[in-house]
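What the coordinates show
Residues per chain, in single letters:
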Amino acid sequence: CTALSGSWFSIDSRNFPTAVGSGGAGAIATAAFNPYAVTAARQLPFEFFLIALVTTVAFLWFVLIYRDSPPTPPSAEEPSAERTLRVSTNESLKAMATDFNVIILLFCFALDGYGFGLILVTSILTDIGYGQHEADLVIAAASIGSLSSMVFAPVADRLKRRDERWPVWLMQICQGLSFLSTLALSLVLRPGMFYLILFFFFLIGVTTSAAAPFLLELIAEITYPAPESLSAGVALTVFGLATFGFVQLSQVMKDDVPKGGNAYNSFFWLQNVLFLLSVFLLTFVFKADLKRTDCAHQADKEEEHSL
């Protein structure tokens with residue numbers, strides 16, 4: 001999505017299309033569809049058929065309408081970007097692996113995807129006495145919260161026109177709120193506190209999803225001139241591997257005898273520490289080298305001089 005955003009939109013209008021492409025609407029559709037589409041195991045084949053049908057239609061539609069770039073470049077940066085020497089995939093990956101700023105953003109993205117939290121919802125709530133209906137409501141609440149990315153992203157684009165560092169500041173704010181939300185959730189994961197659990201899962205959906213497009217765009221910025229599709233692919237791969245790893249780790253750390261009614265108590269406190277660490281790294285260590293934005297400014301200056 002960052003590659004298409006970079007081709008079709010100007011430098012100060014990319015957070016919103018990246019947010020749309022990050023899948024918030026798909027998360028809502030999943031949360032609303034699954035509890036009603038599948039109420040028994042025998043209905044699973046029909047759901048898989050519907051998913052395959054929708055995916056096929058979407059693929060064919062995409063093939064028919066897809067274009068690499070608009071007829072007219074959206075900004076002076078695009079002709080400049082074409083003249084920029086793009087580095088090879090191996091060189092790009094090596095640069096990402098040795099850039100501590102990229103590693104910080106990937107670490108934050110692994111947490112902010114929060115896929116492991118939603119995967120564990122049913123197991124967590126069952127352990128403290130809730131049923132599948134409550135788990136479905138919590139997943140739906142977190143998924144609805146994920147639409148926040150499409151609310152905050154255009155705000156970030158508007159603020160970026162005033163100061164190009166606004167997306168960085170908003171990301172730091174979102175990361176701090178994510179830490180506070182997970183901390184609060186750890187304290188209310190008890191029987192008889194369902195509505196607080198529902199609220200804080202919703203809040204986690206809001207804060208983590210709001211940060212996602214900022215993170216993707218920043219990774220594209222600081223890894224430039226590496227292809228945006230490569231940086232996004234690396235980020236999404238790290239997210240997938242982290243989700244798998246966190247789910248497995250949660251089972252290793254799960255208490256045989258729940259402490260205070262929450263078998264995942266130790267895992268949640270580890271999660272809190274990791275979120276706090278991400279806030280510290282973003283605030284005091286991370287340095288935003290906005291290479292792609294600098295390229296756009298340079299292109300604007302070249303255009304002015306040529307007039």
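Residues numbered from 1 in each chain as written. Predicted model: local features only at pLDDT ≥ 70, side-chain atom pairs only at ≥ 80, totals over all residues. Heavy atoms only, no water.

Moving on, we come to the overall build of the protein chain. Helix and strand counts for the protein chain stand at 16 helices and 0 strands. Expressed as a percentage of its 307 residues, the buried residues of the protein chain come to 44%. In the protein chain, the proportion of contacts linking residues at least 24 apart, taken out of those at least 6 apart, comes to 81%. Summed over all atoms, the accessible surface of the protein chain reaches about 15600 Å², with 69% contributed by carbon and sulfur. (Helix = DSSP H or I, 4+ residues; strand = E, 2+ residues; numbered from the N terminus. Buried < 20%, exposed > 50% of the residue type's maximum accessible area, 1.4 Å probe, protein only. Contact = heavy atoms within 4.5 Å. Areas by Shrake-Rupley, 256 points an atom, 1.4 Å probe, with all protein chains shown as cover.)

Where helix α14 (residues 228-253) contacts helix α15 (residues 265-285), the two axes come as close as 8 Å, and the packing angle between them is 135 degrees. Relative to α15, the element α14 is oriented oblique. Here α14 contributes Phe 246, Leu 249, Ser 250 and Met 253 to the contact with α15, which in turn contributes Ser 266, Phe 267, Leu 270 and Leu 274. For the contact of α14 with α15, a count of residues per class yields 6 nonpolar, 2 polar and no charged. (Axes fitted to C-alpha atoms, helices over the stretch in contact; angles between N-to-C directions. Parallel < 35°, antiparallel > 145°, perpendicular 65-115°, else oblique. Nonpolar A, V, L, I, M, F, W, Y, C, P; charged D, E, K, R; others polar.)

As a further point, take the packing of aromatic side chains. Inspection of every chain in the model, using the stated rule, returns 6 aromatic pairs. Ring geometry for Phe 109 against Phe 239: centres 6.2 Å apart, planes inclined by 75 degrees, an arrangement best described as edge-to-face. Of this pair, Phe 109 sits in helix α7 (residues 100-112) while Phe 239 sits in helix α14, and the two are 130 residues apart along the sequence. Taking 5.3 Å as the distance between ring centres and 40 degrees as the angle between the ring planes, the aromatic pair formed by Phe 280 and Phe 284 counts as tilted. With Phe 280 and Phe 284 both in helix α15 and 4 residues apart, the pair spans about one turn of that helix. (Phe/Tyr/Trp six-rings, centres within 6.5 Å; stacked < 30°, edge-to-face > 60°.)

The next subject is the environment of Ile 104. By secondary structure assignment, the location of Ile 104 is in helix α7. Take Ile 104: its relative accessible area is 1%, and that puts it in the buried class. For the pair Ile 104 and Ser 278, spaced 174 residues apart in the sequence, the C-alpha separation amounts to 7.5 Å. With near-sequence residues (within four places) excluded, Ile 104 lies in contact with Leu 281, Leu 282, Val 285 and Phe 286.

Low-confidence regions, as indicated by low pLDDT, have predicted coordinates that should not be scrutinised in detail. When pLDDT is averaged along the protein chain, the result is 77, and 73% of the positions lie at 70 or above. Mean pLDDT across the secondary structure elements of the protein chain bottoms out at helix α5 (residues 77-83), with 46, and peaks at α15, with 91. Counted against residues more than four places away or in other chains, residues 76-84, with its pLDDT under 50, gives 21 contacts. (pLDDT = per-residue confidence, 0-100.)

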